[in-house]
Amino acid sequence: QVQLVGYGGDVVQPGGSLRPSCAATGFTFSSYAMSWLRQAPGKGRELVASITSGGSTNYADSVKGRFTISRDNAKNTVYLQMNSLKPEDTAVYYCQVETGTKYWGQGTQVTVSS
């Protein structure tokens, strides 16, 4: 059974940094692309970043140059390094895998506020 557990969200001031993580079980982690999505209050879920099984990455324009997605296949974990955070980055962040079916983990709240 696929399980994705997100953690590491927090309240941070504008300009600060966070590194949420997502631990995965129930599938061969190293074989699948992983993604981070976010959902701000009153808005739909949007793709933030993705990383293929080979390590190639892709980012939403709104986070390019500020966020970095990475993975540790030995730990079955995907990370999202978030720098230069802005209030508009406030959202619940989810990790996602698609193994023929899309799965989302429990979200982790990131709040950027002074």
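See the structure shown above.
One structure accompanies this document, and this report is about it. All values reported here derive from a predicted model rather than from experimental measurement. (Residues numbered from 1 in each chain as written. Predicted model: local features only at pLDDT ≥ 70, side-chain atom pairs only at ≥ 80, totals over all residues. Heavy atoms only, no water.)

1. Overview of the side chain of T77
In step 1: Mapped onto the fold, T77 is located in strand 8 (residues 77-82).
In step 2: Polar side-chain contacts of T77 include one of 2.8 Å to the backbone oxygen of K75.
In step 3: Dropping the residues within four chain positions of it, T77 is found in contact with Y7, S21, C22, A23, F29, S70, R71 and D72. (Helix = DSSP H or I, 4+ residues; strand = E, 2+ residues; numbered from the N terminus. Polar contact = N/O pair within 3.5 Å; in protein donor to acceptor, adjacent residues only side chain to side chain. Contact = heavy atoms within 4.5 Å.)

2. What about the pairing of strand 4 (residues 34-39)?
In step 1: Counted residue by residue, strand 4 has 5 buried out of 6 residues, so it is predominantly covered.
In step 2: Examined bridge by bridge, strand 4 and strand 5 (residues 45-51) share 6 bridges and lie antiparallel to one another. Note that in strand 5 the partner of M34 across the bridge is I51.
In step 3: Hairpin remark: strand 4 followed by strand 5, antiparallel, with 5 residues in the connecting loop; positive phi at G42, about 75°.
In step 4: As defined by bridge partners, strand 4 adjoins strand 9 (residues 91-98) across 6 bridges and the pair is classed as antiparallel. Its bridge partner lying in strand 9, Q39 is registered against V92. (Buried < 20%, exposed > 50% of the residue type's maximum accessible area, 1.4 Å probe, protein only. Pairing = 2+ DSSP bridges.)

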